[in-house]
Amino acid sequence: MTDAEDPGTVESFGRIDPERSACVLIGVDDYAHLDPLRSVRLNLTELQAVLTDPDIWGIPDDGRRIRTVSNPASPAELVRPIREAAALAEDTLIVYYAGHGLKDRHEQQQLLLTLPDSVEDQPDTCVRSGDVRRAIRDTGSALRRVLILDCCYSGQVLTEMTDGHRHVVEMAVSTLKDVEGSYVMTSGPRDRPSHAPDPKRCTLFTGALVDVMREGLPDGPEMLGLHDLFVEVKKRILTLKPEVPQEPQDQDSNGVGALGFVRNAAVRSRWSRPVQQPPPTRWQRVRTPVLSLTAGVLGLALGLGVPPLVDWWHDIHPAAAAGPCAVPSPSDPAAPRAVLLDHSDALNKENVYYEKITGLSALALVSQGKDVRALALADNSPGRVWPLTLGSPSKLDPVPDKSVPLLRADGTKFPIDGDWYDGEGMVIEKGGRTMLIASETGPAIRRFDIATGRQVGKDLPIPKELRFWPQGAAQTGRSIESLAVSPDGRHLYAGWEAPLAKDGDQRGRGIIRIQRYTGRAGGAYVPDGQYAFMADDGMYLSELNAIDDDGDLLALERQYTAGLGSEIRIVQLSLAHAQNVTALTSLWHQPPKIFAADELVVDLATCPVGGRGQVAVPASSAQYPLLDNVEGMALGTPWTSGRYKGWHPLYLVSDDNDSDDQITRLYSLAVKLRP
């Protein structure tokens, strides 16, 4: 199998070099004494996504060149990352801050950047903007320094270094004095608030900035400079006409704002589509400042009503159903572990040579590259496998071929009305000639030739205790639901959908058994150990993928509740330190240490669903229109370059159960797995 196709990079010349620059994104959203600013949290996620996108700017997402600082607890925690980034930057240092902005009432020329414990009218609990400027100015040897502020009274930094009696914006080098080549962009002037109309969306200024970088300017040049972005951001905010005006400001020294910064998305159709996070579904008129609590300046208070402003913005710019999913990385709580790249309903109720595609319950990759190829297993009789061309991870375009019917070894059909088949799990064996398919009925695991669909050899052995009553303790209709094979082909894993009757659950968390086999591709597999993990409350195991040869697995958990729809979670399991539980009669009330460690990778409900029309057919979940009965999962090999270097492409498919109320939907994600 070849490496998965990377979303791609484009060579660039004559612009701010992302490979030699450094960026610090600072945001404060959780306050002890000031009102929370939930929008700021999304600001950081959105900006990191757009700046690391190789089709936009493409700064390496390696934790060094771009760094997110969320809720720094002290001035040192805010300033130190700036100095560290400045020491690293050779081309350009970019510093961004979003949070409450206050003014020192005793020193009106001083802007105060707040921390989680900041208190109004107590400057010692804040960070003076002058300290931030000094950290930017005095450290490192970067050719250019850029400061972007999204807070109330942010334009104050443009006058702090001038004569305090001149209330004008000095378009010189006053803000970053003594720095050769600087640029400052602020969300508003020195005496006005900045707005965050919807806590579930970006702030007004940062949201517009991200939108412009993603959408580009239709009549603009191939490369957009910082000043190009500023002009368009200012135009968009003024068009919205907030009741309390917000007019962004900028300041340029030595032409930094005119340098090529990001690629113009509107004129780069030959490049791959960038991942997008949805902008607000509805901009709201802001009657009060929400990024400041200095009520005395304008005589305004927070928390008043915010009636709708305009709907046309969302209608004209519907967001794609794509972007970061809200499951943070353990090493960086502000960074996502999964990004939804695309989804497609092209297979839904599709007919191929008079056969209806329905009941897809498993997915396995055949090859990766420019066009990803896969096999999809149908769980209904007569058994069949559908060859698919999926398109690319960032742009799904599934095209089905003729199905391959599953046959007996002699080429005859299995009995349609027999109890031989309810296909739920499938893996392609190393070498690509045979596939193993698990049937929940039986239960059974059988090997088939991919080209002919004929069974090869005998059924694999199923341990007695994992069979149905009266032989074993498996729940009727909830036996083998998933199969996974290690990359070296030595280990096969079969996962049971629900707990055995003798195992039960721990406070609602079902105890799920995984049977491991040892053998070789195309040959015999022998049961050699059972392992268990606790699924989330009320969830069942739907699919397994092997990440490596050492017992790291990806597990798909799901449940369906009438009236609420489906819940889909993907967790990473490690069997390395789990106990072999084959000899244990029951796992009920066993100590937690015997179970496999699990770690959440993505909750599909936290992935963006996009704007109006982006999910063409609402799924079975009224609350989450993108979610349906996901049963199949296929993990690709990690990308070796680009924005998602080291991440894995992940494909999901939902089972419509041959019902008009459910959908066959294909999803593609990028996931960051724990080493």
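What this report covers is the structure whose coordinates are included nearby. All of these numbers come straight from a predicted model, not from anything done at the bench. (Residues numbered from 1 in each chain as written. Predicted model: local features only at pLDDT ≥ 70, side-chain atom pairs only at ≥ 80, totals over all residues. Heavy atoms only, no water.)

Attention shifts here to the sheet that holds strand 23 (residues 423-428). With antiparallel pairing, the three strands of this open sheet are ordered in space as 23-24-25. Edge strands, defined here as strands with exactly one partner in the open sheet, are strand 23 and strand 25 (444-449). Taking the axes of each pair of neighbouring strands and ignoring which way they run, one obtains an average angle of 25° across the sheet. Two strands pair when backbone bridges link them, and strand 23 and strand 24 (residues 434-439) are joined in this way by five bridges, in the antiparallel orientation. When the bridges of strand 24 are listed, valine 427 appears paired with leucine 436. (Pairing = 2+ DSSP bridges. Helix = DSSP H or I, 4+ residues; strand = E, 2+ residues; numbered from the N terminus. Axes fitted to C-alpha atoms, helices over the stretch in contact; angles between N-to-C directions.)

This brings us to the environment of glutamine 662. Counting through the fold element by element, glutamine 662 comes out in the loop between strand 36 (648-654) and strand 37 (666-671). Assessed through its relative accessible area of 13%, glutamine 662 is described here as buried. Side-chain polar atoms of glutamine 662 contact the side chain of asparagine 657, separated by 3.0 Å. (Buried < 20%, exposed > 50% of the residue type's maximum accessible area, 1.4 Å probe, protein only. Polar contact = N/O pair within 3.5 Å; in protein donor to acceptor, adjacent residues only side chain to side chain.)

If you look at the biggest cluster of nonpolar residues, it comprises 70 residues, and the most contacted ones within it are Leu51, Leu78, Tyr97, Met213 and Phe261. The element that contributes the greatest number of residues to this core is helix 4 (residues 204-215), accounting for seven residues. Each residue touching methionine 213, except ones within four places of it in the same chain, is listed here: Leu47, Val50, Leu51, Ile56, Leu229, Phe261, Val262, Arg263 and Ala265. One finds Val601, Leu635, Leu669 and Val671 within the second-largest nonpolar core, a separate group that totals 25 residues. (Core = buried A, V, L, I, M, F, W, Y, C linked by side-chain atoms within 4.5 Å. Contact = heavy atoms within 4.5 Å.)

The next thing to look at is the packing of helix 1 (residues 38-52) against helix 4. Between helix 1 and helix 4, whose axes approach to 10 Å, the crossing angle comes to 20°. The orientation of helix 1 relative to helix 4 falls into the category roughly parallel. When you trace helix 1 past helix 4, the crossing you get is left-handed. Of the residues in helix 4, those touching helix 1 at Asn43, Glu46, Leu47, Ala49, Val50 and Leu51 are Thr206, Leu209, Val210, Met213 and Arg214. Of the residues contributing to the contact of helix 1 with helix 4, the split by class is seven nonpolar, two polar and two charged. (Parallel < 35°, antiparallel > 145°, perpendicular 65-115°, else oblique. Left-handed = near helix turned anticlockwise from the far one by under 90°. Nonpolar A, V, L, I, M, F, W, Y, C, P; charged D, E, K, R; others polar.)

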